[in-house]
Amino acid sequence: MPRYDASKSEPFWQDAWARAGTFVARRNDDKPKYYVLEMFPYPSGALHIGHVRNYSMGDVIARYKLATGHAVLHPMGWDAFGLPAENAAQERHVHPGEWTYGNIAAMKSQFARLGLSLDWSREFATCDPDYYGQQQAMFIDFLEKGLVYRKNAVVNWDPVDMTVLANEQVEDGRGWRSGALVERRELTQWFFKISDYSEELLSALDRLDNWPDKVKTMQANWIGRSRGLQFRFGLKGAPEGFDDLPVYTTRPDTMRGPTFAAIAPEHPLARKLAAENPEIAAFCEECRRGGTSEEALETAEKLGFDTGLKALHPADPDWELPLYIANFVLMDYGTGAVIGCPAHDQRDLDFARKYDLPVIDVFEPVEGPARAPDRAFVPPKTETVRYVCWFGDAGIVQTCQQAMDTTLALFEEKGWGEARTQYRLRDWGLSRQRYWGCPIPVVHCDACGVVPEKKENLPVRLPEDVNFDIPGNPLDRHPTWRDVPCPACGAAAKRETDTMDTFVDSSWYYARFTSPAAQGPTDAAEAAYWMNVDQYIGGVEHAILHLLYARFFARAMQACGHLPETAIEPFDALFTQGMVTHEIYQTAAPDGRTEYHLPQDVEIRDGVATLKADGRPVTVIPSAKMSKSKKNVVDPLEIIDLYGADTARWFVLSDSPPERDVEWTAAGAEAASKHLARVWRIAEAAREAPETGKGDEELLREMHKAIHDVTMGIESFGFNTSVARLYAFASALSKSRAGRRAQVEAARVMAQLMSPMTPHLSEEIWHLLGGEGLIADARWPVADPAMLVEDEVTLPIQINGKRRDEITVPKDLPKDEVEARALASQAVQKALDGGSPKKVIVVPGRIVNVVV
RNA sequence: GCGGGCGUGAUGGAAUGGUAGACAUACCAGACUUAAAAUCUGUUGGGGCAUGGCCCCGUGUGGGUUCGAGUCCCACCGCCCGCACCA
């Protein structure tokens with residue numbers, strides 16, 4: 001018998017699908033449409049095993065939907081702008097575009113080997129001028145709709161390289177190349193008004209029934225709606241023009257507990273004071289050290305400076321609180337000023353301890369021990385506590401929410417403040433001081449101000465003649481690209497040299513796939529037909545930002561007429577697959593920076609890791625998310641070379657549940673390969689089975705159960721259980737002595753059930769067993785319900801919740817009859833010892849529990 | 001620091017609140033073979049005993065709800081992800 005040869009078979013079937021156009025998406029009004037999309041990859045140049053897992057999952061869905069009679073759209077493209085291309089340009093002196101398109105070509109050929117059911121005719125890269133030109137057109141539309149504006153915002157500034165750094169380029173508060181201490185610096189930047197949609201983006205989450213709850217929870221927390229109290233502190237000793245200080249608090253119930261007030265170092269009052277007082281100026285300077293990430297700000301040591309000013313409590317002008325400037329107060333949140341209530345906020349308590357400020361308990365637990373001295377008491381708002389010091393009766397027991405409502409009402413009545421709903425969500429800063437991104441299509445004119453480029457001049461193309469020998473944005477110093485006439489008045493003007501955040505590129509690519517060659521951003525008819533994405537698949541690391549930005553963009557596009565109203569929630573169903581993790585290999589470079597190494601460059605022998613190149617010892621960091629920057633990526637092409645794509649696909653879909661992380665190990669790929677070889681042998685044996693045999697009925701029953709279970713597995717993203725079921729079915733078929741007809745039917749169904757996972761092998765078996773046409777076009781098998789039910793069922797018998805015996809009864813046996821038989825069982829008789837049971841629970845078809 | 005999640009044999013994992021460990025990997029034993037590979041079959045959570053059978057324990061730790069908890073609730077421990085300029 002010839003053995004199955006993946007290296008010959010796989011290219012053959014890939015070619016057959018391409019010639020037949022099997023996966024070209026076609027509008028067909030006789031069929032339901034299905035749009036399945038996996039988050040498109042960044043073209044790093046190398047396919048990694050995480051891609052294989054992600055795209056194999058999407059492919060299972062796409063092929064399954066094709067087989068169940070849908071018009072399927074399953075496209076692929078490239079998220080091609082971004083920082084790595086500029087890093088490569090710096091390190092290797094290649095142009096980012098050349099590097100990126102080279103990577104795309106390499107990765108496309110790697111993708112081809114996986115045999116994915118992709119419609120490559122719709123391919124595009126976000127760095128294609130055609131794509132980013134449409135994006136520029138939309139930017140101008142958004143500008144006209146008031147959805148884009150400019151304001152100042154802080155960036156990480158490297159004072160040695162004189163350049164802006166991404167958060168990723170800041171390590172322990174220092175620039176990753178220069179090692180210099182990073183500073184915060186303010187620049188005028190472009191923003192999308194995503195905050196206009198805070199309420200809408202929050203409330204619409206309720207309609208996303210097929211999104212994971214954890215993603216919806218994370219988005220809701222990120223948007224962070226709170227209802228709180230807006231009030232003003234009077235100020236004593238403040239400079240001219242600062243009569244009072246607006247403050248927002250989410251805990252009005254603690255308004256009798258504050259012992260200090262604090263403002264951000266960037267607060268206008270702080271700036272005013274700094275201008276007059278060198279000590280304050282020095283402190284504010286000190287606060288500007290370190291990165292801009294929230295994590296960096298929140299974990300930094302709490303620093304405060306007593307301004308000597310007094311904040312006067314709105315409810316009692318004689319109540320004076322010291323006013324501090326503090327580094328943990330964020331200018332972006334609320335009003336840039338906070339009220340410090342140490343007893344009920346851990347940060348405030350830490351601050352109070354450090355600066356020796358009093359602590360006033362507003363409420364205490366109803367029962368149990370009182371608050372520990374260095375532990376703030378912060379119960380959920382729904383918890384019942386005893387209020388001992390607030391604007392109501394002392395000693396009253398109520399929930400925090402009740403106290404907050406009462407206090408808000410009181411403050412409004414007395415005119416001390418007012419209730420206000422606030423969102424944590426900030427506007428989306430899209431400016432990047434970098435070359436390899438979509439140019440922002442505006443011109444700065446001394447006479448006309450900010451003028452959008454004329455749409456007929458789009459795309460504003462990136463200039464080719466740039467170099468990266470000097471840190472910073474080459475567009476800033478480009479001699480001719482930057483200097484242009486004003487589109488409005490024709491006078492000499494300058495182009496905006498900032499480019500767009502790459503999140504912009506990935507916020508609408510799903511819409512572009514519906515008509516990738518449209519003259520505008522989208523084509524109305526195509527978008528109406530294919531949108532929404534029926535199943536979106538991607539990593540959980542995108543749970544907040546990418547998905548929130550895409551949801552915002554769909555709304556903004558709808559407002560500008562680029563998407564139908566029905567598509568403002570662009571992803572009907574979301575699945576977040578787990579990450580593939582791997583150990584990280586690192587060494588210290590001579591200048592102290594950390595260098596990362598690819599697994600293929602590292603040799604591990606007797607538990608000691610060294611570099612293959614020069615034998616230097618390598619530090620092994622435990623498994624973490626695979627990332628280009630950490631270089632802990634694995635080359636799946638080696639598996640494909642060795643065993644074929646079907647084995648790689650089968651392997652990544654086996655064992656681990658799709659939503660969970662999986663650590664890559666080389667072991668197991670061989671086992672997957674062995675199983676596929678076995679499946680081939682089973683199919684051949686079925687063809688050669690004797691005309692008649694015994695057990696036809698059992699085999700076909702087993703087949704229908706397999707159809708049912710595998711289908712359920714695919715429908716519910718339980719690919720690992722579908723695979724396990726297919727192992728069991730293969731075993732059953734291999735042991736069966738059934739006649740040829742039954743065996744061939746079972747083997748063909750097995751091939752069909754496997755075809756979403758192992759399409760090439762399945763085509764081969766289909767062909768071998770006389771299937772008509774391509775298995776990719778064949779209708780998915782349907783389980784016969786009559787073949788699924790058993791005549792008899794075995795019930796475990798529990799005594800006091802512990803399994804003690806079992807009985808086998810006809811499946812329809814009445815409940816009281818089941819109970820009688822259970823009570824008659826030996827174990828129950830023994831346990832009862834002549835007595836009678838206290839209680840008997842019979843769960844039909846499941847279990848019997850006897851309480852004695 | 002804040003937000004979200006995860007924790008089951010030697011390993012990956014299965015289990016609508018209903019027989020914990022399906023299906024694999026690994027290990028061990030057997031068949032086939034001169035031998036090896038390949039293939040096929042079987043055993044394997046821990047402990048105990050009167051060992052062709054029975055008992056006890058067991059899903060990170062400690063409590064709770066329930067006839068019944070891996071699953072639900074509370075607290076704790078550990079690990080992972082995100083935190084707005086990585087994509």
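This is a predicted model, so every value here is computed, not measured.

Conventions and cut-offs
Residues numbered from 1 in each chain as written. Chains lettered and ligands numbered in written order. Predicted model: local features only at pLDDT ≥ 70, side-chain atom pairs only at ≥ 80, totals over all residues. Heavy atoms only, no water. Helix = DSSP H or I, 4+ residues; strand = E, 2+ residues; numbered from the N terminus. Buried < 20%, exposed > 50% of the residue type's maximum accessible area, 1.4 Å probe, protein only. Contact = heavy atoms within 4.5 Å. Areas by Shrake-Rupley, 256 points an atom, 1.4 Å probe, with all protein chains shown as cover. Near = heavy atom within 4 Å. Polar contact = N/O pair within 3.5 Å; in protein donor to acceptor, adjacent residues only side chain to side chain. Nonpolar A, V, L, I, M, F, W, Y, C, P; charged D, E, K, R; others polar. Pairing = 2+ DSSP bridges. 1 Å grid on protein atoms, 1.4 Å probe; cavity = no way out; pocket = protein on both sides within 12 Å on 5 of 7 lines; lining within 4 Å. Points joined across faces, edges and corners; volume = space filled by probe spheres on them. Axes fitted to C-alpha atoms, helices over the stretch in contact; angles between N-to-C directions. Phe/Tyr/Trp six-rings, centres within 6.5 Å; stacked < 30°, edge-to-face > 60°. Core = buried A, V, L, I, M, F, W, Y, C linked by side-chain atoms within 4.5 Å. Disulfide = S-S within 2.5 Å. Parallel < 35°, antiparallel > 145°, perpendicular 65-115°, else oblique. Left-handed = near helix turned anticlockwise from the far one by under 90°. Salt bridge = Lys/Arg side-chain N within 4 Å of Asp/Glu carboxyl O. pLDDT = per-residue confidence, 0-100. Arc of directions from axis to C-beta.

## Quick word on the overall build of chain A
Counting its secondary structure elements, chain A contains 25 helices and 36 strands. Principal-axis analysis of the C-alpha atoms gives chain A an extent of 105 × 85 × 60 Å. Relative to its 852 residues, chain A shows a buried fraction of 53%. A separation threshold of at least 6 residues defines the contact pool for chain A, and within that pool the share at least 24 residues apart is 71%. Carbon and sulfur atoms form 49% of the exposed surface of chain A, whose accessible area is close to 38,300 Å².

## Brief notes about the protein's contact with RNA strand B
Around RNA strand B lies a shell of 65 residues, among which Asn167, Glu168, Arg434, Asp655 and Asn849 are the nearest. Atoms of RNA strand B within 4 Å of the protein: sugar and phosphate make up 62%, bases the balance. Within the backbone of Glu294, an N or O atom sits 2.8 Å from a phosphate oxygen of RNA strand B. Contact distances for RNA strand B include 3.5 Å between a base nitrogen and a side-chain N or O atom of Gln798. Of the residues contributing to the surface near RNA strand B, the split by class is 22 nonpolar, 18 polar and 25 charged.

## Notes on the sheet that holds strand 3 (residues 148-158)
Taking strand neighbours across the sheet as the criterion, the 4 strands line up as 4-3-7-18 in an open arrangement whose pairing is antiparallel. With partners counted over all chains shown, the strands left at the sheet margins are strand 4 (163-165) and strand 18 (428-429), one partner each. Both strand 3 and strand 7 (residues 183-192) contribute to a ladder of 10 bridges, which runs antiparallel. Looking at the pairing, Asn152 lines up with Thr188 of strand 7.

## What about empty space enclosed by the protein?
Taken as a whole and judged by the stated rule, the model has 1 cavity of 30 Å³ or more. By volume, the largest cavity is sized at about 90 Å³. What lines the largest cavity is Phe23, Arg63, Leu66, Ala67, Gln752, Ser755, Pro756, Ile775, Ala776, Ala778 and Trp780. Residue contributions to the lining of the largest cavity peak at 3 residues, all from helix 2 (residues 49-67).

## Notes on the sheet that holds strand 26 (residues 574-577)
The strand order 2-1-25-26 describes an open sheet built from 4 strands, whose pairing is parallel. On the outer flanks of this sheet lie strand 2 (71-73) and strand 26, each paired with one strand and no other. Strand-to-strand twist across the sheet, computed as the mean angle between neighbouring axes with direction ignored, equals 20 degrees. Pairing analysis gives 4 bridges linking strand 25 (residues 535-539) to strand 26, with the strands arranged parallel.

## Things to note about the packing of aromatic side chains
Considering all chains together, one arrives at 52 aromatic pairs under this definition. Ring centres of Phe81 and Tyr132 lie 5.6 Å apart, and the angle between their planes is 45 degrees; on these two criteria the pair is classed as tilted. Taken together, the positions of Phe81 in the loop between strand 2 and helix 3 (83-92) and Tyr132 in helix 5 (residues 129-144) put the pair 51 residues apart, joining distant regions of the chain. Residue Phe81 shares its accessibility class with Tyr132, and that shared class is buried. Plain terms: the ring middles of Phe124 and Tyr131 are 4.8 Å apart, the flat faces sit at 15 degrees to each other, and that makes the pair stacked. Look at Phe124 and you get buried, because its relative accessible area is 6%.

## With respect to the nonpolar core
One finds Phe142, Phe192, Tyr509, Tyr510 and Phe553 to be the most contacted residues of the largest nonpolar core, which totals 157 residues. Once residues within four sequence positions are removed from consideration, Phe192 is found in contact with Phe139, Phe142, Leu147, Val148, Asp427, Trp428, Leu430, Val504, Phe552 and Phe553. Listed in part, the 28 residues of the second largest apolar core include Leu229, Phe231, Cys287 and Phe305.

## A short note on the state of the cysteines
All told, the structure shown has 0 disulfides when counted by the stated rule. In this structure Cys400 is a free cysteine whose sulfur lies 11 Å from that of Cys341, the closest cysteine sulfur available. Cys489 takes part in no disulfide bond, and the closest cysteine sulfur, belonging to Cys448, lies 3.6 Å away. For Cys489, a relative accessible area of 42% gives the class partly exposed.

## Details of the packing of helix 22 (residues 740-754) against helix 23 (residues 759-768)
When two helices pack together, you describe them by how their axes are tilted relative to each other and by the distance separating the axes. Where helix 22 meets helix 23, the closest approach of the two axes is 8 Å, and the angle between their N-to-C directions is 155 degrees. Taken together, helix 22 and helix 23 sit at an angle that is classed as roughly antiparallel. Crossing hand, helix 22 versus helix 23: left-handed. Contacts between helix 22 and helix 23 involve Ala747, Arg748, Ala751, Gln752 and Met754 on the former and, on the latter, Leu761, Ser762, Ile765 and Trp766. Residues that form the contact of helix 22 with helix 23 fall into these classes: 6 nonpolar, 2 polar and 1 charged.

## A few points about the packing of helix 20 (residues 696-715) against helix 21 (residues 719-735)
The geometry of helix 20 relative to helix 21 is characterised by a closest axis approach of 8 Å and an angle of 165 degrees between their N-to-C directions. When the interaxial angle is binned, helix 20 and helix 21 end up roughly antiparallel. Of the two possible hands of crossing, helix 20 and helix 21 adopt the one that is left-handed. Across the interface between the two elements, Leu699, Glu702, Met703, Lys705, Ala706, Asp709, Val710, Gly713 and Ile714 of helix 20 pack against Phe719, Thr721, Ser722, Arg725, Leu726, Phe729, Ala732 and Leu733 of helix 21. Tallied by class, residues from the contact of helix 20 with helix 21 come to 10 nonpolar, 3 polar and 4 charged.

## Comments concerning the pattern of salt bridges
Note on pairing: side chains with opposite charge can pair once their charged atoms come close. In the structure shown here, the tally under the stated rule is 40 salt bridges. We note a salt bridge from Arg19 to Asp15, for which the minimum N-O separation is 3.1 Å. In this pair, Arg19 and Asp15 are both assigned in helix 1 (residues 6-20), 4 residues apart and thus about one turn of the helix distant. Residue class for Arg19 comes out exposed when judged on its relative accessible area of 60%. Residue classification places Asp15 among the partly exposed residues on the basis of a relative accessible area of 39%. Linked through salt bridges whose partners overlap, the residues forming this network are Glu200, Arg551, Arg555 and Glu569.

## Remarks on the confidence of the model for chain A
Model confidence for chain A is summarised by a mean pLDDT of 90, while 95% of its residues fall at 70 or above. Interface confidence in the predicted complex, given as ipTM, is 0.92; pTM for the same model is 0.92.

## Observations concerning unusual backbone geometry
Residue Pro459 follows Leu458 across a cis peptide bond; omega there is 0 degrees. Summarising the element assignment, Pro459 is placed in the loop between strand 21 (449-452) and strand 22 (483-485). Cis geometry is adopted by the peptide bond preceding Asn532, which originates at Met531 and carries an omega value of 5 degrees. Phi at Asn800 takes a positive value of approximately 55 degrees, unusual for a residue other than glycine.

## Topic: the side chain of His704
Mapped onto the fold, His704 is located in helix 20. Accessibility expressed as a relative area gives 12% for His704, which makes it buried. Apart from residues no more than four positions distant in its own chain, His704 is found in contact with Val782, Ala783, Asp784, Met787 and Leu788.

## Here we look at the environment of Phe651
Considering the arrangement of structural elements, one finds Phe651 in helix 18 (residues 645-653). Residues Phe651 and Arg53, 598 residues apart in the sequence, show an inter-C-alpha distance of 9.0 Å.

## Re helix 8 (residues 268-276)
Among the residues of helix 8, those classed as buried are Leu269, Ala270, Leu273 and Ala274. End-on, the buried residues of helix 8 take up no more than an arc of 135 degrees, which puts them together on one face. Seen from the buried face of helix 8, the exposed residues on the opposite side, beyond 90 degrees, are Ala275 and Glu276. On the buried face of helix 8, the contacting elements are strand 8 (225-236), strand 9 (244-249), strand 10 (260-263), helix 9 (278-287), strand 11 (304-312) and strand 12 (320-326).

## Quick look at the environment of Pro75
Note on placement: Pro75 falls in the loop between strand 2 and helix 3. Discounting residues that sit within four places of it in the chain, Pro75 has contacts with Tyr35, Val36, Leu37, Leu118, Asp119, Arg122 and Phe513.

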